Every structure is written in structure tokens, then in C-alpha cells.
Amino acid sequence: MAALTESPPEATDLERPAGDRRGWTRLCVVVGLIVLGFATVLSSGMGGGHVGQTVSNFGLGLSALAAAGACLLRARWFTGRMRWGWAFLGLGVLSWGLGQAYSVYLQTFLGREVPLPSEADIGYLGMIVFTTTGLLTLPSVAQALANRVRSVLDGLMVGCSFVLMAWIFVIQPLIAAGQSNTLALYASLAYPLGDVVMLTMVLYMLALQRRHGSTFASLALVGAGIGAFAASDIGYAYLNLVGKYASGGATDIGWFLGFCLVLLAARKPVASTLDEDDQGFDGMQPVGILLPYVAVLGSLVTTVFWYARTGHSTMFVAYTRSALILLIIGRQLITLRENRNLTRNLETRVADRTAELFASEQRFHALVQHSSDVVTVVSPEADVLYQSESVQRVFGFPAQALAGKRLTKLLDPESGLRLAQALRQVAGRPYATTVLEITVQHRDGRRRQAEMTITNLLGDPSVAGLVLNTRDISERKELQDQLVHEAYHDALTQLANRALFRERVAEALRRRGDDEDVTVLFLDLDGFKEVNDSLGHLAGDQLLVQVADRLRASVREGDVVARFGGDEFAVLIESPIGVEEAESVAQRIVDVLEEPFASETRNIHVQASIGLASFKDIGNSGIGEILELADDAKADGAEQLMRNADLAMYKAKSAGGGSFASYDPQMLAGLVARLELESDLRVALERGQLRLHYQPTVDLATSEVIGFEALVRWYHPERGMITPIEFIPIAEATGLIVPLGRWVLEEACRQAVEWSQGEAGRPIKMAVNVSVRQFDRADLVEVVAQILAETGMPAQQLCLEMTESVLMTDTDDNLEQLVRLKALGVTLAIDDFGTGYSSLAYLRRFPVDTLKIDRSFVERLGALTDDTALADTIVQLGKSLGMDTVAEGIEEFGQLAALREMGCHFAQGYYFSRPVPADEAGRLLREGAELSA
């Protein structure tokens, strides 16, 4: 059926799993079957006696009530049309049961015979009315009212046909013999007529469902039950007409069976989803179409033969035939209306389809003609069978000029040959496709790059050719070439970049002969950062462009010049072994860069540090063996060659710049050692391999130890003692100085607090060095404050020492940091004062408390030298600015005496004590000895 309900029901509305309603249904089935069997046996065995009549009447009544209850309960499981359909079916069966109950009442309790017709027939006939209404209400595939009316008309046509044949063969002979009265006759015929109408409607609905509907089984059981009713009603009518009917006879079995089948139909489960056959209706089945006409044809043939035999007709036959004619006319009117609607719908669909096809054709035509692709259909010999007009827009040729021409002759020889080969390749394979790129000359003479897709549609009768879809890809190719150029060239100087240079080096290594050498020059400009900082990045870019031009002019034609970024350049040189061509090129570059570079405001002088790395120089260092293995290994060799040139460049830069240096394997060994030391330093920080030594600071006025300077030492488990000169620069370069400096500060503060509370019993001044990298961290002040709080170190007992570079870099930011540190209460000192580039202006601006005189000024004190004058100047400068002065590196008494005479406040050096571990420093405090001459 089209739907089970008007609105899709929930699963619980279709089949409720609760046991109450299913239990009632099962009970009704059991009761009905027991009553049916019991009543059938008794009524048949007793031959219709009084007891048999009573039992049969009660059994029929109970069976009807059980079937009615099952139908009404089933109606509660649904909503919409399905609910009302089963409700009317239940009311029909209930009406029959009420009529039967009235008959039982008359026969059993009043002892009266039930006449025909009687009041009980109202209930019996009510079943026909209610059941017919229920069948019309049940949802079916065709929901239109016309289809339901047609099913009623079909049922009436079949019923009237059967009644007419029954009249001729059965009833008319009985009336002629005087065995029945007319009123009983018509009353008897009403039941079979109604049964036939209902049965026809059920058969019509079953034909629509085609055995796959969701309610086919239930409807088939209802139809079988109505068929059983029809059989019993026909027997009942005949026996009544001949006066031989008695309750409890064999005719009651059909009614019992009918009610049992209706009860089973109400119990039959219904699927919660619809089958695909329920989703639409594609016309009645043959049985639904032919059944009414077969019945009418049978009745008409019967009346014709009857009339031919008797020579006369009766009013009943005439009226019945008239009724059949009216029913046929009504059915044909409905069929005509449906045919007109169907024709109208078909015409509308055909018109819509025609319009759609026309629109599709127009759309296809517009797409082809205005497509960016040029569509061409050619024969296997490349003769043009069809040419789209878009060829004029893309390549400038009118479509008519190409029709019938051989396309391979319109192209250049190479492109024509490639096209002919591609056509032969796909011509023998139906629907095969291939793509090729060819050159097509535009009508204006320009040569355009085109991509052509060839598809074999020779087997398609609507095309019957090879289809060529051609598009102009010149702009795409230009863009690809541009992107490739940008990916492999420097945007500023248009030199090769690192990626392209690496590929060229790898290629040179691959094609290198036994007597050929490959050399890489790595250049770095000296002083380029100062140009950027002073003149701006625009002037720096202009300088780089001029440097690139001079490099191109300095190298040979086959050499490759590249820019790696910033002020780094590289040159690839291929030359025979034994010819010092690479050194000649390097010298030319050094000489040409000596000339000043012109800018908008001034001339700029820059130099270059150049590193050279050749394959012949490293052939025995392990790389040569790698390069001889495979092409992939040679790509790695290119990286190593470039790295070696970079190492050589740093050697040239350390020599003062403006020169070149060649790679030496020891450079790589030094780099590896540096990397290993860096790795070991990380491990040392994690495993606590670092220790602090403390060098005392002496008050020159009292010769008393007033504090210490914390100095870090590294005891390597394998290498032994590693001096700070070796690992501090690595820590600075790698950023490890930040965690290292935090650890030193925390450990020094902890030790100072321990001494102040224990051995010394007095405040101990602790000096800790702070790196420039630590000042780069915005959280330096927070870290110092946190350590002071955690260790309990008074801020005034902590002295943070920094080099003059702190005053010279990031001046404003570092000034802010120093002001915040000073606000904590710590003392600030400038270490190695006099060796840097600080000025008096910076000393006045920054909140510095102490100046530490570098040991280089202390070494020659006592003699009349410039160093003595410088040291005295620093001491007097500190006094004038209100700062304390500390002299470092005192090793002799004469130096100590000179510093006391100058008025220096504090001193450090081997003369007093070397840096010692914490326990020895604590001993100095415990003994309380004065470190003096």
C-alpha cells in the first residue's frame, strides 16, 4: 500500500512489544478456534437439532465478537486511515454479531422462529455497509477518490452479474414452482450480493499490491474470510428459498471460518517500513481490469441464451441488465476521465521533456561554442569533420577555414608528426584517451603552447570521429616557468639560490672526471650589518645588487654564482686538477670588492671573507669515498662540500676579513669537537656535573674578606677539568648560558646565606656574572627576585656583574632591566671596565654601583707606564661618580701598594687566593685571617 498511515507512525504505534494487547489477541485467537471446532463438530454431528442450533448460534456470536474485538484492538495500533479502516471492519463484524445475538435471543429465550426478513437482518446487513466502508477507508496504492469509486462499481458489476445468473438458474425456477415468496427472495439475495461486492473490492486491492504490499497478508486473510461468508450466504439463501435451512447446519461452518480468518488477519503483523512496490502505482494488474468485465460478459451471455430458450424476459432481468449498463457507463466515465488526465499528464511531460531537451541542446551548443577549449572532430587521417567556433577566439582562425582541412598540415612539422602518432595510437582502441602538448601558431603569428586531449569516439554514431579538446596553456606555462625561476633564484639579485646551487654542485660531482676538480667558494660580506643599521635596508639591498653584479663580472662564463640569503654568496667552479682557477677567481673577487660602492649619500666600503673547498683537497678525508658510491650519495657530498667552504670562510673572517682561506680537515674536527662539547654541556647541566668556586674580595683599607665572586667550573667525567674559556662561549652561542646562569645565581645565593648564618656570622657580599644573553630575556628581573625569595638572600648582599656590552646593545631595554634590578636592592657592577667602548654618558645614565678594573691594567702597575695612568684614571672616575672600584688580577705586592696609593676600594687576585671550592672558602671565613701583605 502507499502508506500505513497518513503520517508515518512510530515503531511503537505499529507493533507494540508490550504483552497486554498481544496477549488479548492470542486469547481471542485461541477462543475463536476452540469455539469454531466445538461448534462445528456439534452442529454437524447433531444434524441441526435444538442443541446443535443453540451451540452453533452461541459459537457464531462468540466468534463474531472475538473477531470484532481483534479488529478494534488492531485499530488502536495505528493512526489515520489505517485506524479508521480497521475500526469499520471491526464494527461490521460486531454488527453481524449483534444481529446474531438478537436471533439467539428470539430462538433460545423466546422460543420464536426468526423470520426472513427480521430485525436481526439489520445487523447482518450492517456488516456489509461497515465492512465496505472499512475497505474503502483502508489506505491503498491509489489514493484518488476515482479509484475507490471504481472499485465499488467493479464490485457492484460483479455482484449484479452473479445475481443475474443466480436468478436465471436458481431463483426463477423456484419462483415459477411457487416455493418462495418475493420478499424472502430479495432478502436472501442481499447477502450474497454484498459479499460479492466486498470480495471484488478486496481482489482489486490485492491486485494493486502485487503480492508485495506491507498489508497484503492481512488483506488476503480478510478476503478469504469474506469468501467464506459468501459461500455460506449463498448456501443460506438457497436453503431459505427451498425451505430447508436450519441453524447448526453445514452452512454455519463458512461463517465460523470467515470470522476465524478475520481474527487471524487482525493478528497478522504489519511491517514498519514500506516495500518499494508500495511507493507508487504503475497501473492495475490484469486481474483487476478483467474481473468485472468477465463477470458482466458471463451474465450477458447467460441472459442471451435464456432469452433464446424462453422467448421472454422478466422485470428483474431487465432492471438488472439496466443496472449493469449504468454501472458500465459509470465505470467508463471514470476510465475516460482517468485517460484524459493521463493524456494531459503525458502531454505535459512530453512538452516538459521536449523543452528540457531543447534547453539541454542549447546549453550544450553554448558551452561548446563559448568554451575555453577548442573542440575538433577529425577522422583517423586527421581531416577536420567538425570545428567549434571557439577556435577563432582562442587561435584567431574562423571555424569555416578549418573544415575539411588536414589538421597535421596546419601545424609545424614536429607538432604535426606528434599529433599523427597520437591519432594512430588511439584510433584502434574505442574510447581510448591520450594527452599531448604541441605548439600552435596563432593567426597573428605568435606561437602558443597548447594541451590537446584526444578521445576515440569513432564507435559513437552521433560523433563517428576522434574528438580533440585543445586549450591554450601558454599563460600557464609562463607562470610555471616563472614559479620555477622564483623557486630556484634569489628575488633581489636574480642569482641562483641555495636549492639551485646545491643541485648544480651535485650535478658537477656526478659528471666529474678523474682529472677534473669541483670547487665551492663561500662568501660573506664584512661590515654589511653596519651598513644596514646606519643607512637602512634599502641601501643594504642596493649594495647587495651591486655586489652580485661584480661577482658575475669576476667569474668565468660557466661558473655558477648564488646568493644564500643576507650577505652570503657562493660560487661553483669546475676546472682541471692542477689549475689554480678557484684561487684566481677568489682573488679577483677580493680585488673587485676593494673598490667602493656608490650610494645616494656616500661611498660604501665593504670586503668579503671567502672560504674555498675543493673535491681534490677532501678526496682522502672520507668524503671522496662517499662521492664515489652513488648519485644519491653525491647529493650528500654537495652539502658537505658547501659546509666545508662555510667553515673555511669563518677561518678567513677570523683572520681579519678581506681575504680567502682554503678548507682544512682540522676545521671539521674542531666543529665536531665543538658539537660534542655542546652536547656534553647539556648533559652536565642535567646531571649536576658543574661546581662553583669562590674567589675572595678583599677590602684594601682593612685587608678583610668582605665577599666572594662565584666562578663556575666543569668537572667532566672523562675529560677532567674544562676551563670556562672553553665552554662559556659555547653556552653563550647556544643559549645554554640562560639555564647555566640561573643555576649559578641560585647556588651562589644559597651558599652566601649559609655562610652568613654559619661560619662568618656576618653578611657576605656575593658577586655573580650575568651574560648579555640573560639580559635579552624579559624575565631576568623576575628570575632574580624569585631566587632571592627562595634562598632568603638579602638583595643588598648580591652584586650582579656585567660587561660593557650590556650598556652598548639594546640600550633602552637594558636600561629598563637595570633600573628594575636596582629597585630590588641588588648592587650592579661593570666587569672588565676599560676594555670596551662605554662612554661617560652611559656611566651617568645607567644605575651602576661598582667599576671592576681589568687585569690587563693591573699587570704593570708600579712602573711608570700608561697602564698605571689608566688605572689611576679609572679609580678617580669611580670616586667622582660615587662608585666603588675593584681591581682584578693582583699577583704582586707592588700592584697592591700602587692600588692602595690610588685609593682603590677592593681587590681580587692570586696574591690573596685563587678561586677555591666552597669548603675551602668557608675555611677562610672560619679562620678569620686577614689576607694582606
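Residues numbered from 1 in each chain as written. Predicted model: local features only at pLDDT ≥ 70, side-chain atom pairs only at ≥ 80, totals over all residues. Heavy atoms only, no water.

Peer 1: What am I meant to see in the overall build of the protein here?
Peer 2: Across its full length, the protein holds 35 helices and 21 strands. Looking at the protein residue by residue over its 933 residues, the buried ones come to 47%. Considering only contacts in the protein between residues 6 or more positions apart, those separated by 24 or more positions represent 68%. Carbon together with sulfur atoms contributes 57% to the accessible area of the protein, which is approximately 45,500 Å² in total. (Helix = DSSP H or I, 4+ residues; strand = E, 2+ residues; numbered from the N terminus. Buried < 20%, exposed > 50% of the residue type's maximum accessible area, 1.4 Å probe, protein only. Contact = heavy atoms within 4.5 Å. Areas by Shrake-Rupley, 256 points an atom, 1.4 Å probe, with all protein chains shown as cover.)

Peer 1: It is not clear to me how the packing of helix α26 (residues 737-757) against helix α28 (residues 780-791) should be interpreted in this structure. Could you clarify?
Peer 2: Between two packed helices, what matters for the description is the angle formed by their axes and the separation of those axes. Closest axis-to-axis distance for the α26/α28 pair is 9 Å, and the angle between their directions is 30°. In terms of orientation, α26 and α28 fall into the roughly parallel class. As for the relative orientation of α26 and α28, their crossing is right-handed in sense. Listed contacts from α28 to R742, L745, E746, C749, R750 and V753 of α26 are V783, V784, Q786, I787, L788, E790 and T791. A breakdown of the residues in the contact of α26 with α28 according to their chemical character gives seven nonpolar, two polar and four charged. (Axes fitted to C-alpha atoms, helices over the stretch in contact; angles between N-to-C directions. Parallel < 35°, antiparallel > 145°, perpendicular 65-115°, else oblique. Left-handed = near helix turned anticlockwise from the far one by under 90°. Nonpolar A, V, L, I, M, F, W, Y, C, P; charged D, E, K, R; others polar.)

Peer 1: Just to check I follow, could you spell out the pattern of salt bridges for this structure?
Peer 2: Where charged atoms from two side chains of opposite charge approach closely, those side chains can pair. The final tally for this structure, using the stated rule, is 26 salt bridges. As a salt-bridge pair, R563 and D490 come within 2.9 Å of each other at their nearest N and O atoms. Taken together, the residues span a long stretch of sequence, with R563 in strand β7 (residues 560-565) and D490 in the loop between α16 (474-488) and α17 (498-511) at a distance of 73 residues. Across the pair K852 and E801 runs a salt bridge whose closest N-O atoms are separated by 2.8 Å. Of the two residues, K852 sits in strand β19 (residues 850-853) while E801 sits in strand β17 (residues 798-802), which places them 51 residues apart along the sequence. Residue classification places K852 among the buried residues on the basis of a relative accessible area of 2%. The network of salt bridges with common partners includes E709, E801, K852 and E888. (Salt bridge = Lys/Arg side-chain N within 4 Å of Asp/Glu carboxyl O.)

Peer 1: Quick question: what am I supposed to make of the packing of aromatic side chains here?
Peer 2: Geometry of an aromatic ring pair is reported as the spacing of the ring centres plus the angle between the planes. Tallied over the entire structure, the rule returns eight aromatic pairs. Ring geometry for Y694 and W755: centres 5.1 Å apart, planes at 70°, overall edge-to-face. Of this pair, Y694 sits in strand β13 (residues 690-699) while W755 sits in helix α26, and the two are 61 residues apart along the sequence. You can call W755 buried: its relative accessible area is 1%. Through pairs of rings, three or more aromatic residues link up here, namely F501, F522 and F564. One cation-aromatic arrangement involves R498 over F564; the distance from NZ or CZ to the ring centre is 4.2 Å. When the ring centre of Y910 is taken as origin, the NZ or CZ atom of R914, which lies over that ring, is 4.0 Å away. (Phe/Tyr/Trp six-rings, centres within 6.5 Å; stacked < 30°, edge-to-face > 60°. Lys NZ or Arg CZ within 6 Å of the ring centre and 35° of its normal.)

Peer 1: For this particular structure, what's the right way to read the sheet that holds strand β8 (residues 568-576)?
Peer 2: Whether parallel or antiparallel, the strands of a sheet pair through hydrogen bonds between backbone atoms. The mixed open sheet is built from five strands, whose spatial order is β7-β8-β6-β11-β12. Each edge of the sheet is formed by a strand with only one pairing partner; in this case those strands are β7 and β12 (660-662). Between one strand axis and the next, the sheet turns through 20° on average, direction left out of account. The sheet contact formed by strand β6 (residues 516-526) and β8 spans nine bridges and is antiparallel. Within the sheet, the bridge partner assigned to T519 lies in β8 and is I573. (Pairing = 2+ DSSP bridges.)

Peer 1: Can you help me understand the pairing of β8 in this one?
Peer 2: Taken residue by residue, a regular strand's side chains alternate between the two faces of the sheet. Where β7 meets β8, five bridges bridge the pair, whose relative direction is antiparallel. Residue R563 lies in a different strand from β8, and its bridge partner there is F569. Between β7 and β8, which pair antiparallel and follow one another directly, the connecting turn spans two residues, one of which, G566, has a positive phi of 60°.

Peer 1: I'm lost on the side chain of E888 in this one. Help?
Peer 2: Summarising the element assignment, E888 is placed in the loop between β20 (884-887) and α34 (893-902). At 3.3 Å, the side chain of E888 and the side chain of K852 are in polar contact. For E888, the contacting residues outside a window of four places in its chain are E709, D831, D832, K852, I853, D854, R855, V858 and Q908. (Polar contact = N/O pair within 3.5 Å; in protein donor to acceptor, adjacent residues only side chain to side chain.)

Peer 1: Can you help me understand the side chain of S415 in this one?
Peer 2: Residue position: S415 is located in helix α15 (residues 413-427). Polar side-chain contacts of S415 include one of 3.2 Å to the backbone nitrogen of T439. Among residues more than four places away in sequence, those in contact with S415 are I438 and T439.

Peer 1: What is the right way to read the sheet that holds strand β4 (residues 447-457) from this model?
Peer 2: On the basis of which strands lie adjacent, the open sheet formed by five strands has the order β2-β1-β5-β4-β3 and antiparallel pairing. The two strands at the open ends of the sheet, each matched to only one other strand, are β2 (384-387) and β3 (433-441). Going across the sheet, the axis of each strand differs from the next one's by a mean of 25°, ignoring polarity. The sheet contact formed by β4 and strand β5 (residues 465-472) spans eight bridges and is antiparallel. Its bridge partner being in β5, I454 is matched across the sheet by L468. Here α15 sits on the sheet in contact with β1 (374-378), β3, β4 and β5, set at roughly 160° to β3. Against the sheet, α16 makes contact with β3, β4 and β5, and its axis sits at roughly 120° relative to β4, the strand it touches most.

Peer 1: Looking at this structure, how should I read the nonpolar core?
Peer 2: Counting residues in hydrophobic clusters, the biggest one holds 78 residues, and the most contacted among them are F708, M766, L798, L800, L821 and L899. Counting residues per element, this core draws most heavily on α26, at 10 residues. Setting aside its immediate chain neighbours within four residues, F708 contacts Y694, Q695, P696, T697, W755, I764, K765, M766, A767, A921 and L925. If you look at the next biggest cluster of nonpolar residues, it comprises 42 residues, including A70, A87, L89 and I226. (Core = buried A, V, L, I, M, F, W, Y, C linked by side-chain atoms within 4.5 Å.)

Peer 1: Help me out: how do you make sense of a nonpolar patch on the surface in this one?
Peer 2: Taken together, I325, L326, I329, L333 and L336 make up a surface patch of nonpolar side chains, about 500 Å² in accessible area. Examined against the element boundaries, L333 turns out to sit in helix α11 (residues 315-370). (Patch = residues over 30% accessible without salt bridge, like charges linked within 9 Å, V, L, I, M, F, W, Y side chains within 5 Å.)

Peer 1: Quick question: what am I supposed to make of helix α18 (residues 528-535) here?
Peer 2: Taken together, the buried positions of α18 are F528, V531 and N532. In a view along the axis of α18, the buried residues occupy a sector of 95°, so they form one face of it. Among the exposed residues of α18, those oriented more than 90 degrees off its buried face are K529, E530, D533 and S534. Turning to α18, the residues buried within the fold contact β6, α19 (537-554) and β10 (603-604). One or two positions beyond α18, positive phi appears at G536, with a value near 100°. (Arc of directions from axis to C-beta.)

Peer 1: I tried to follow the packing of α19 against helix α20 (residues 581-594) on my own but got confused; where do I start?
Peer 2: Closest axis-to-axis distance for the α19/α20 pair is 9 Å, and the angle between their directions is 140°. On the basis of their axis angle, the class for α19 and α20 is oblique. At the point where α19 passes α20, the crossing takes the right-handed sense. Residues V547, R550, L551 and S554 of α19 form the contact with α20, whose own contacting residues are V585, R588, I589, V592 and L593. Classifying every residue of the contact of α19 with α20 gives six nonpolar, one polar and two charged.

Peer 1: Would you explain the environment of R643 in this entry?
Peer 2: Relative to the elements of secondary structure, R643 occurs in helix α23 (residues 631-654). Sequence separation of R643 and F522 is 121 residues, and the distance between their C-alpha atoms is 9.0 Å.

Peer 1: Is there a simple way to explain α15 in this structure?
Peer 2: At 3.6 residues per turn, the α-helix brings residues three or four places apart onto the same side. Taking 1.5 Å of rise per residue, 15 residues should cover 21 Å, and α15 covers 21 Å from first to last C-alpha, within 8% of that figure. Every buried residue of α15 is listed here: S415, G416, L419, A420, A422, L423 and V426. Buried residues along α15 cover an arc of 165° about the axis, so they all sit on one side. Facing away from the buried side of α15 by over 90 degrees, the exposed positions are P413, E414 and R424. On the buried face of α15, the contacting elements are β1, α14 (407-410), β3, β4 and β5. (Expected span 1.5 Å × (residues − 1).)

Peer 1: What is the right way to read unusual backbone geometry from this model?
Peer 2: Among all residues save glycine, negative phi is the norm, and among peptide bonds the norm is trans. Located in the positive-phi region is A382, a residue other than glycine, with phi close to 75°. Of note in this structure, Q494 is not a glycine but carries a positive phi near 65°. In this fold, Q494 is placed in the loop between α16 and α17. With relative accessibility at 41%, the residue Q494 sits in the partly exposed group.

Peer 1: I tried to follow the confidence of the model for the protein on my own but got confused; where do I start?
Peer 2: Should pLDDT be low for a region, the predicted coordinates there are not to be read in detail. Counting all residues, the mean pLDDT for the protein is 78, and 78% of those residues have values of 70 or more. In the predicted structure, residues 1-21 sits below a pLDDT of 50 and forms 50 contacts with residues beyond four places in sequence or in another chain. In this model, residues 272-285 is a region of pLDDT below 50 whose contacts with residues beyond four sequence positions or in other chains number 31 contacts. (pLDDT = per-residue confidence, 0-100.)

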